[in-house]
Amino acid sequence: AQKVTQAQTEISVVEKEDVTLDCVYETRDTTYYLFWYKQPPSGELVFLIRRNSFDEQNEISGRYSWNFQKSTSSFNFTITASQVVDSAVYFCALSEVKNQAGTALIFGKGTTLSVSS
Amino acid sequence: KAGVTQTPRYLIKTRGQQVTLSCSPISGHRSVSWYQQTPGQGLQFLFEYFSETQRNKGNFPGRFSGRQFSNSRSEMNVSTLELGDSALYLCASSLGRGSGELFFGEGSRLTVL
């Protein structure tokens, strides 16, 4: 069965600290996608990144970076030099590709990040 | 370009009533998905519509239904409301080509009393 586990329920850091959000997934498919979304208090889920199962290359986007390791079924997210505006709930999600159709995501429970000044 | 628009943003119903929520996707997007978010169960996939056809369905009872119109706008309906249906209902749109990026609306927050 497909499953996404975000073991960290809440993380609190002080501004400028680096923080890593963990994500472990389970799937039997060889073709799948992994995502990270950010949910600010407004409620809207904001897309951060998509990674397919054949691309294990790590990615960096500004202060954000992602580490994808198939060997450990993990897709971790690091924020460098955190800022107060980074405070939000972060979700990791998994999508299996079936017949090139559908975008049903399986979400983890989310990690609430609080950054204080 | 305009984002995903959901209406109403907030609503209160009583047990046994029914509710209809609306979602207008980003122009050009043909896929609309619905998700339920609760503190206990988190984010759960309800269903996805593509070109007016339901393409995927999550594990929810038949009281939850949806439809999509020719202009890609979608509605979801929940009949015979239960207290446990209180949740944030999120709509997401995408181009619909495989597992692409989903663009979410701000959600409709339903409270069932």
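Here, every reference points to the structure presented above.
The shown structure was predicted, so the numbers you read here are calculated from the model rather than taken from an experiment.

A. Examining the nonpolar core more closely. Residues and elements named next belong to chain A. With 24 residues, the main nonpolar core has Trp 36, Trp 66, Phe 75, Phe 77, Tyr 90 and Leu 113 as its most contacted residues. Contributing elements (two or more residues each) for this core: strand 2 (10-14), strand 3 (19-21), strand 5 (32-39), strand 6 (46-52), strand 8 (64-69), strand 9 (74-79), strand 10 (88-96) and strand 12 (111-116). Examining the composition of this core, we find that four residues originate from one element, strand 10, more than from any other.

B. Here's a closer look at the sheet that holds strand 8 (residues 74-78) of chain B. All names here are of chain B. Judged by pairing direction, the sheet is antiparallel, and its four strands sit side by side in the order 1-3-8-7 without closing on themselves. Pairing within the sheet leaves two strands with one partner each, and these edge strands are strand 1 (5-7) and strand 7 (64-68). The mean inter-strand angle of the sheet, taken between neighbouring strand axes irrespective of direction, is 15 degrees. The sheet contact formed by strand 3 (residues 19-24) and strand 8 spans five bridges and is antiparallel. From the neighbouring strand, Cys 23 faces strand 8, where its bridge partner is Ser 74.

C. Expanded view of the layout of surface pockets. Estimated volume of the second largest pocket: approximately 310 Å³. Taken together, 18 residues form the lining of the second largest pocket, with Phe 91 and Lys 109 of chain A together with Gln 37, Thr 38 and Pro 39 of chain B sitting closest to its centre. Contributions of two or more residues to the lining of the second largest pocket are made by strand 10 and strand 12 of chain A together with strand 4 (31-38) and strand 9 (87-94) of chain B.

D. Spatial organisation of the interface of chain B and chain A. Contact residues are listed per partner, giving 25 residues for chain B and 21 residues for chain A. With both sides pooled, the region where chain B packs onto chain A buries about 1800 Å², and carbon together with sulfur makes up 53% of that total. If you look at where chain B meets chain A, you find zero salt bridges. Joining chain B to chain A, the criterion identifies five residue pairs in polar contact (both at pLDDT 80 or more).

What counts, and at which threshold
Residues numbered from 1 in each chain as written. Chains lettered and ligands numbered in written order. Predicted model: local features only at pLDDT ≥ 70, side-chain atom pairs only at ≥ 80, totals over all residues. Heavy atoms only, no water. Core = buried A, V, L, I, M, F, W, Y, C linked by side-chain atoms within 4.5 Å. Buried < 20%, exposed > 50% of the residue type's maximum accessible area, 1.4 Å probe, protein only. Helix = DSSP H or I, 4+ residues; strand = E, 2+ residues; numbered from the N terminus. Pairing = 2+ DSSP bridges. Axes fitted to C-alpha atoms, helices over the stretch in contact; angles between N-to-C directions. 1 Å grid on protein atoms, 1.4 Å probe; cavity = no way out; pocket = protein on both sides within 12 Å on 5 of 7 lines; lining within 4 Å. Points joined across faces, edges and corners; volume = space filled by probe spheres on them. Contact = heavy atoms within 4.5 Å. Buried area = accessible area lost by both parts, 1.4 Å probe. Salt bridge = Lys/Arg side-chain N within 4 Å of Asp/Glu carboxyl O. Polar contact = N/O pair within 3.5 Å; in protein donor to acceptor, adjacent residues only side chain to side chain.

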